[in-house]
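Chain and residue survey
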Amino acid sequence: MSGKIVRVIEGGGSGLRRADYSFANGTLGNFRRMENIPKTIEEAIAFMCEELMPGIEGVAGSLAGVWAENHIMKKSPNLHVFDGEDIGKRISTICNRPSFWGNDMLTAATGEAYLRNLYDFYILTVGGGIGGKRVYKGEVINPDAEVGHIIIDNSPYAKMCGCGNQGCVEACASGGAVKEKIIEICRARNITIPSGIDICKFWDDEYDAEKEWAIILYDQVAHALANLFTILQKTHPTQLIVVKGTLGINVLARVSDRIRFYMREKMRINPQWADEDFLKIEKSISPNEGSLVGAAVLWEKYAQLW
Ligand SMILES: [Zn+2]
């Protein structure tokens, strides 16, 4: 087993987070969070390289967006200071350590596979957006997939998606889409959303109180996710779908039976691919830290002094 320690970085809409991963202990430590969203690339790189002790052999990053060659961020959905930047080269220049950079779902899939010794599964994030990766024979086989932008609603009034298309699963069943729907429903039904409470928490409370609107909306999300799961099962069937993301975990806890019901209706040739005996649908073992571990695992394979 490797005795290496690697600095791991994660970023998203709420800013940057870093920790140090020890392969020998299999643990993450020295967590730090950058409270504000970085305004300049220099500020972001300085945070990544801060307190890099001599024993830390390199830097591994997990950031949403499109990467080129494991070190250049082509386009970030939420941290635009990174757009077009050769992050690997900047790290090499500032702290002279090899680095690896990859998409947050690639690292999450790699982390889940490593932590659970899994070789064949799909992992999906259902949070602010929707993303997914397929692990087959221990490797991520679709690193550039755009699972959230699979179109599941072809109707002319389907919701617009951030990508510019209509009816993507992300426009129908992501946390962002659901928040908009809650506001629309409550306005139409004259329901007052209490101030100071998260909109989705209000929806959950209403669901637990068996309010009709909240049950219908959960059912719609289950239907949309069933459409997605069905497409995944029909293209490359698996026996395990791992779910992460706040909304995804809430949906699993409340309406996983509805997801299976709708999947069975759509899978007439191989309905058993939706059955519990065949397909497990589980939440991620490490929804918050798996991608950091995955970044370190990919660092061991692919890191370079760029
Ligand atoms: Zn889209």
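Cut-off values and rules
- Residues numbered from 1 in each chain as written.
- Predicted model: local features only at pLDDT ≥ 70, side-chain atom pairs only at ≥ 80, totals over all residues.
- Helix = DSSP H or I, 4+ residues; strand = E, 2+ residues; numbered from the N terminus.
- Rg over C-alpha atoms; globule rule 2.2 N^0.38 Å.
- Buried ≥ 20, exposed ≤ 12 C-beta atoms within 10 Å, placed from the backbone.
- Contact = placed C-beta atoms within 7 Å.
- Pairing = 2+ DSSP bridges.
- Axes fitted to C-alpha atoms, helices over the stretch in contact; angles between N-to-C directions.
- Parallel < 35°, antiparallel > 145°, perpendicular 65-115°, else oblique.
- Left-handed = near helix turned anticlockwise from the far one by under 90°.
- Nonpolar A, V, L, I, M, F, W, Y, C, P; charged D, E, K, R; others polar.
- Expected span 1.5 Å × (residues − 1).

This part takes up the overall build of the protein. A tally of helices and strands in the protein yields nine helices and twelve strands. For 306 residues, the compact-globule estimate of 2.2 N^0.38 gives 19 Å, and the C-alpha radius of gyration of the protein, at 20 Å, lies within 12% of that figure. Here the C-alpha coordinates of the protein stretch approximately 60 × 45 × 35 Å along the principal axes. Evaluated residue by residue, the protein yields a buried proportion of 40% over its 306 residues. Across the protein, every contact between residues at least 6 apart in sequence was considered, and the portion connecting residues at least 24 apart equals 61%.

One open sheet holds the five strands; their spatial order is β10-β9-β8-β11-β12, and the pairing between them is mixed. Since the sheet does not close on itself, it has two edges, and those belong to β10 (139-140) and β12 (280-283), each with one partner. As defined by bridge partners, strand β11 (residues 240-244) adjoins β12 across four bridges and the pair is classed as parallel. Across the sheet, residue Ile241 finds its bridge partner in β12, namely Ile281. Against the sheet, helix α3 (residues 104-116) makes contact with β8 (120-126), β9 (130-136), β10 and β11, and its axis sits at roughly 45° relative to β9, the strand it touches most. Here helix α8 (residues 246-266) sits on the sheet and contacts β8, β11 and β12; the angle it forms with β8, its principal contact strand, is near 105°.

Turning to the packing of helix α6 (residues 199-208) against helix α7 (residues 212-235), a few remarks are in order. Two numbers describe how α6 lies on α7: the axes approach to 7 Å, and their chain directions differ by 110°. With respect to their mutual orientation, α6 and α7 come out roughly perpendicular. Crossing of α6 over α7 shows left-handed handedness. Along the contact surface, α6 presents Trp203, Glu206 and Tyr207, while α7 presents Trp213, Ala214, Ile215, Leu217 and Tyr218. Broken down by class, the residue content of the contact of α6 with α7 amounts to seven nonpolar, no polar and one charged.

For the rest of this paragraph, the subject is the packing of helix α5 (residues 175-188) against α7. Put simply, α5 and α7 touch, their axes get as near as 11 Å, and they point 150° apart. Between α5 and α7, the angle falls in the class roughly antiparallel. When you trace α5 past α7, the crossing you get is right-handed. Contacts from Val178, Lys181, Ile182 and Ile185 of α5 reach α7 at Trp213, Leu217 and Val221.

What follows is about the environment of Cys168. Along the chain, Cys168 turns up in the loop between β10 and α4 (169-173). With ten residues separating them in the primary sequence, Cys168 and Ala158 have C-alpha atoms 8.6 Å apart. For Cys168, the residues in contact, after removing those within four places along its chain, are Gly148, His149, Ile150, Ile151, Cys161 and Cys163.

Turning our attention to the sheet that holds strand β3 (residues 27-33). In space, the five strands of this open sheet follow the order β3-β2-β1-β4-β7, with mixed pairing throughout. Of all strands in the sheet, those with a lone pairing partner are β3 and β7 (99-102), marking the two edges. Each neighbouring strand pair of the sheet contributes to a mean axis angle of 20°, computed without reference to strand direction. Examined bridge by bridge, strand β1 (residues 5-12) and strand β4 (residues 56-63) share seven bridges and lie parallel to one another. Counted as the bridge partner of Glu10 is Ser62 from β4. Taken strand by strand, helix α1 (residues 41-49) contacts β1, β2 (15-22) and β4, and its axis lies near 25° from that of β2.

Moving on to the environment of Gly11. Looking at where Gly11 falls in the secondary structure, it is placed in strand β1. Put simply, Gly11 and Met34 are 23 residues apart on the chain and 9.6 Å apart in space, counted from C-alpha to C-alpha. Residue contacts for Gly11: discarding those within four places in its chain leaves Leu16, Leu63 and Leu79.

The terminal C-alpha atoms of α3, which comprises 13 residues, lie 18 Å apart, in line with the 18 Å expected from a rise of 1.5 Å per residue. Burial analysis of α3 places ten of its 13 residues in the buried class, which makes it a mostly covered element. Buried residues of α3: Asp104, Met105, Leu106, Thr107, Ala108, Ala109, Thr110, Gly111, Glu112 and Ala113, and no others.

A separate point is the pairing of β9. By the criterion of burial, β9 is predominantly enclosed, with six of the seven residues buried. Pairing of β8 with β9, which is carried by seven bridges, proceeds in the antiparallel orientation. When the sheet's bridge partners are listed, Ile123 is paired in β9 with Lys133. When β9 meets β10, the two strands line up antiparallel, connected through two bridges. Residue Tyr136 lies in a different strand from β10, and its bridge partner there is Glu139.

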